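Geometric and topological summary
Here is how the chains run, residue by residue.
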Amino acid sequence: MKNKKRLMEKVIHGIFLILGLITVGCVLLITVYLVISGIPAIRKIGVFQFLFGGKWASTAAKPQYGILPFILTSIYGTAGAIVVGVPIGFMTAVYLAKIAPLKVKTVIETAVSLLAGIPSVVYGLVGMMVLVPGIRIAFHIPDGASLFAAIIVLAIMILPSIIKVSLTALEAVPKEYEDASFALGATPIETYFKVSVPAAKSGIAAAVVLGVGRAVGEAMAIMMVAGNAPNMPKLFQSVRFLTTAVASEMSYAADGSLQKQALFSIALVLFLFIMLINAVLNFFLKSHNKEL
Amino acid sequence: MKKIITFAAILSLMLATVVGCGKTDSKTVSTDGSTSMEKVIGALGEAFEENNSGVTFTYNPTGSGSGITAVSEGRCDIGLSSRNLKKEEKAQGLTETVLALDGIAIIVNPENPVNDLDIETIGKIYMGEITNWKDIGGNDQEIVLIGREAGSGTRDGFESITGTEDACKYRQELTSTGDVITTVAGNPAAIGYASLASVNETVKALSVGGIAATEETVKDGSYVVQRLFVLVTKDSTKLSGAAQDFFDYITSPEANEIISSAGEVPINK
């Protein structure tokens, strides 16, 4: 009987191991596939020409494959979303964690969770129907589909993750810290910003990096509001991101053509980008855990 | 013991789903090529499968060029092209059979007072030589050029007819006909192009050189922004039974209704 039980344990362990390995296998498969299919085009085009070429014309008679506009757009767009989204998200988190009455907090937290659950295509749709014409009218420009529209959409999309992660970090600050600050005669606001926030800073930093990750990887929503012309990024100019560059041309690129291979190369660049962000995120999360 | 049996059952079920797919069928019709023909060839394929049980129809949307290559290399039965074959291609022993005509509508916002443009003007607008609607009888607004992404069949067709290949200064490159229509409907200064079949009342289709885009004007050739949908076959290889049946069916008058309801203009009587 005992042996049977032991055998059972082993079998179950084995099954769980296999299930765990599925995830690892997927990551490995994707990585290997991307590297193998992404390298040939970079070789053919040349690393420098590919990464720093300023013009993308994949179906022209003389095709050009420079992805610098996409890289810069992705960086600017993400940075813009962070500049707009982080202050709002951060202040909301401080308010919810320290100041808000319980009822208000419940309502806002529910709203934030709902925001997190909205599919990105819906963000894109609303952006396309409301935001893009709105920008056109508000700024008196011929067309509202622009980097600016993408930044606004991305900023709203990253709000939930920023609020939630910062909120958790702020709530984890030991009450004694704040009590000590109050005892020294600091006002509540002084206490929150000079004691609570610094104590939670690595968690807040993690929230920002998480937001960056979400913004860099988003494709669907911004494809619908950014215009997708491969221009160098300008605030009110139609632009194309790394993600949308892959998504918009993939369906029509002929198998085995340099165009398709180049799209895989863009995906590889994007993949490395996101890997880097994840590494930074892990770094912050680890140092955060040590502090607590 | 019970648990082991449960696990085994689950595992075998999981395996079954993996293995379960993959059946072989000798009666297939494979087509390969133009993405613009997706709607019409899909509808025809479905109707054919319904009438001939046991026949599998496949369509690989790769683009006209790839479809022609595929049929000449024998990788599919029928190639689909949204342009005529070139001389070199015909010299390789390929034959074209026209399936239908497709009109490309030039669309603007309904608020736009402009109703008619000629083909040269459209070309100039898209190449950025004319940038304001007031120069061509419209309001004082900068023209916003809406187009399709690189590789799109509609873009290909539009650019080759207007002579603007690789020269268009698009403000937006959208990935579907629907997006083009939505965007043009939402911006009074926009101009775009879309397959005639998809145009609805939220946008206004311009007449080109005084000729409105309708099924009749596309058919008699007076509306010039149009292209052919062509079936490509290889002379040296005889079509298989099912493929020949399919070919005969879609080029017969029987298929005209399906072609029309997919928004294209049938030409076979």
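Rules behind the numbers
- Residues numbered from 1 in each chain as written.
- Chains lettered and ligands numbered in written order.
- Predicted model: local features only at pLDDT ≥ 70, side-chain atom pairs only at ≥ 80, totals over all residues.
- Heavy atoms only, no water.
- Domains from an automatic or database assignment.
- Contact = heavy atoms within 4.5 Å.
- Buried area = accessible area lost by both parts, 1.4 Å probe.
- Salt bridge = Lys/Arg side-chain N within 4 Å of Asp/Glu carboxyl O.
- Nonpolar A, V, L, I, M, F, W, Y, C, P; charged D, E, K, R; others polar.
- 1 Å grid on protein atoms, 1.4 Å probe; cavity = no way out; pocket = protein on both sides within 12 Å on 5 of 7 lines; lining within 4 Å.
- Points joined across faces, edges and corners; volume = space filled by probe spheres on them.
- Helix = DSSP H or I, 4+ residues; strand = E, 2+ residues; numbered from the N terminus.
- pLDDT = per-residue confidence, 0-100.
- Phe/Tyr/Trp six-rings, centres within 6.5 Å; stacked < 30°, edge-to-face > 60°.
- Buried < 20%, exposed > 50% of the residue type's maximum accessible area, 1.4 Å probe, protein only.
- Axes fitted to C-alpha atoms, helices over the stretch in contact; angles between N-to-C directions.
- Parallel < 35°, antiparallel > 145°, perpendicular 65-115°, else oblique.
- Left-handed = near helix turned anticlockwise from the far one by under 90°.

Here we take up the domain arrangement of chain B. Note on interface size: it is often stated as the accessible area lost on association of the parts. All names here are of chain B. Domain annotation for chain B reports domain 1 (29-100 + 229-266) and domain 2 (102-226). Averaged C-alpha coordinates put domain 1 and domain 2 at centres separated by 28 Å. Residue-level contacts link 10 residues of domain 1 with 8 residues of domain 2. Carbon and sulfur atoms supply 51% of the area buried between domain 1 and domain 2, which totals about 680 Å² over both sides. Three residues, Ser36, Glu264 and Val265, lead the burial of domain 1 against domain 2; their summed loss comes to 51% of the area buried on that side. Between domain 1 and domain 2 we count 0 salt bridges in total. Its residues assigned to classes, the side of domain 1 that touches domain 2 shows 5 nonpolar, 4 polar and 1 charged.

Let us now look at the layout of surface pockets. Of the volumes computed, that of the largest pocket is approximately 960 Å³. Going through the elements one at a time, helix H12 (258-291) of chain A together with helix H3 (64-72), helix H6 (153-162) and strand E11 (226-234) of chain B are the ones with two or more residues in the lining of the largest pocket. Among the elements that take part in the lining of the largest pocket, H6(B) stands out by supplying 7 residues, more than any other. When grouped by side-chain class, the residues that make up the lining of the largest pocket number 10 nonpolar, 20 polar and 9 charged. For the lining of the largest pocket, the domains that each give at least three residues are domain 1 (29-100 + 229-266) and domain 2 (102-226) of chain B. Contributing to the lining of the second largest pocket are 36 residues, with Asn231(A), Cys168(B), Lys169(B), Tyr170(B) and Glu173(B) lying nearest its centre.

On to the confidence of the model for chain A. If pLDDT is low for a region, its predicted coordinates should not be looked at in detail. Summarising the model, chain A shows a mean pLDDT of 89, and 97% of its residues fall at 70 or more. At the low end of the mean pLDDT range in chain A sits H12(A), at 83; at the high end sits helix H6 (residues 147-171) of chain A, at 94.

This part covers unusual backbone geometry. Residues and elements named next belong to chain A. In this model, His140 sits at a positive phi of 50°, which is unusual for a non-glycine residue. Within the secondary structure layout, His140 lies in the loop between helix H5 (120-139) and H6. One non-glycine residue, Asn228, adopts positive backbone phi at about 65°. Relative to the helices and strands, Asn228 resides in the loop between helix H10 (220-225) and helix H11 (242-250).

A complete count under the given rule lists 16 aromatic pairs over all chains for this structure. A ring pair is formed by Trp56(A) and Tyr65(A), whose centres lie 5.4 Å apart and whose planes are at 80°; its orientation type is edge-to-face. On the basis of relative accessible area, Trp56(A) is assigned to the buried category, the value being 5%. Accessibility expressed as a relative area gives 8% for Tyr65(A), which makes it buried. An aromatic cluster of at least three residues, connected via ring pairs, comprises Phe48(B), Phe57(B), Phe246(B) and Tyr249(B).

Here Gln172(B) lies in strand E7 (residues 172-174). A relative accessible area of 1% means that Gln172(B) is categorised as buried. Sequence-distant contacts of Gln172(B), that is, excluding residues within four places in its chain, are made with Asp143(A), Ala145(A), Gly227(A), Ser238(A), Leu145(B), Ile146(B), Gly147(B) and Thr183(B).

What follows is about the interface of chain A and chain B. Each partner contributes residues to the interface: chain A has 30 residues there, and chain B has 27 residues. Around 2,400 Å² of area is buried between chain A and chain B when both sides are counted, 57% of it from carbon and sulfur atoms. A salt bridge links Arg171(B) to Asp143(A); its shortest N-O distance comes to 3.6 Å. Elements with a contribution of two residues or more to the side of chain A that touches chain B: helix H1 (2-45), H5 and H11 of chain A. At 4 residues, the largest contribution of residues to the side of chain A that touches chain B is made by H5(A).

Before going further, it helps to spend a moment on the environment of Val29(B). All names here are of chain B. Tracing the chain through its elements places Val29 in strand E1 (residues 28-33). On the basis of relative accessible area, Val29 is assigned to the buried category, the value being 0%. In sequence terms Val29 and Leu206 are 177 residues apart; their C-alpha atoms lie 39 Å from each other. Beyond its immediate stretch of four places on either side in the chain, Val29 contacts Phe48, Val55, Thr56, Phe57, Thr58, Asp77, Ala242, Ala243 and Phe246.

Each packed pair of helices is defined by two parameters, the angle between the axes and the distance between the axes. Residues and elements named next belong to chain A. Direction vectors running N to C along helix H3 (residues 68-99) and helix H9 (residues 201-217) enclose 140°, while the axes themselves pass 10 Å from each other. The angle between H3 and H9 falls in the class oblique. Of the two possible hands of crossing, H3 and H9 adopt the one that is right-handed. Judged by residue contacts, Thr78, Ile82, Val86 and Phe90 of H3 engage Ile204, Val208, Gly211, Val212, Ala215 and Val216 from H9. In terms of residue class, the contact of H3 with H9 is built from 8 nonpolar, 2 polar and no charged.

Evaluation of the coordinates by the stated rule reveals 13 salt bridges over all chains. We note a salt bridge from Asp102(B) to Arg227(B), for which the minimum N-O separation is 2.8 Å. Taken together, the residues Asp102(B) in strand E4 (residues 94-108) and Arg227(B) in strand E11 connect sequence positions 125 residues apart. Using a relative accessible area of 0% as the deciding quantity, one classes Asp102(B) as buried. With a closest N to O distance of 3.3 Å, Arg148(B) and Glu149(B) form a salt bridge. Pair check on accessibility: Arg148(B) and Glu149(B) agree, each one buried. Beyond isolated ion pairs, a larger network of salt bridges with shared partners links Arg240(A), Glu249(A), Arg155(B), Glu159(B) and Glu173(B).

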